[in-house]
Amino acid sequence: MSNFIQAELLKMKSSLSKKLLLAIPIFFLAFAVFSNIYAEQQSSTNVF
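Reading the values: rules and limits
Residues numbered from 1 in each chain as written. Predicted model: local features only at pLDDT ≥ 70, side-chain atom pairs only at ≥ 80, totals over all residues. Heavy atoms only, no water. Helix = DSSP H or I, 4+ residues; strand = E, 2+ residues; numbered from the N terminus. Buried < 20%, exposed > 50% of the residue type's maximum accessible area, 1.4 Å probe, protein only. Areas by Shrake-Rupley, 256 points an atom, 1.4 Å probe, with all protein chains shown as cover. Salt bridge = Lys/Arg side-chain N within 4 Å of Asp/Glu carboxyl O. Patch = residues over 30% accessible without salt bridge, like charges linked within 9 Å, V, L, I, M, F, W, Y side chains within 5 Å. Phe/Tyr/Trp six-rings, centres within 6.5 Å; stacked < 30°, edge-to-face > 60°.

Quick look at the overall build of the protein chain
Helix and strand counts for the protein chain stand at two helices and zero strands. When each of the 48 residues of the protein chain is scored for burial, the buried share is 0%. A total accessible area of about 4,800 Å² is found for the protein chain, and carbon and sulfur atoms account for 70% of it.

Focus on the pattern of salt bridges
Scanning the entire structure with this criterion turns up one salt bridge. The shortest N-O distance in the salt bridge between Glu8 and Lys11 comes to 3.0 Å. Highlighted residues: Glu8 and Lys11, both in helix α1 (residues 2-12), separated by three residues, approximately one helical turn.

Focus on a nonpolar patch on the surface
A cluster of nonpolar side chains, Leu16, Leu20, Ile24, Phe27, Phe28 and Phe31, forms an exposed patch at the surface whose accessible area comes to about 650 Å². With respect to the helices and strands, the residue Leu16 is situated in the loop between α1 and α2 (17-41). Judged by relative accessible area, which is 55%, Leu16 ranks as exposed.

With respect to the packing of aromatic side chains
Per the stated rule, a full pass over the model turns up one aromatic pair. Ring centres of Phe27 and Phe28 lie 5.3 Å apart, and the angle between their planes is 70 degrees; on these two criteria the pair is classed as edge-to-face.

Set out below in structure tokens:
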């Protein structure tokens, strides 16, 4: 089992998936923050 994990880590070492693993949550966090700021600036509190 450890050989399988080591092989997967070796494949992931130079791939884009490692960067996406960090970039996607940061993108959605930034989107949520900016959406919240934009929603607070609107005069209406009904977002639907």
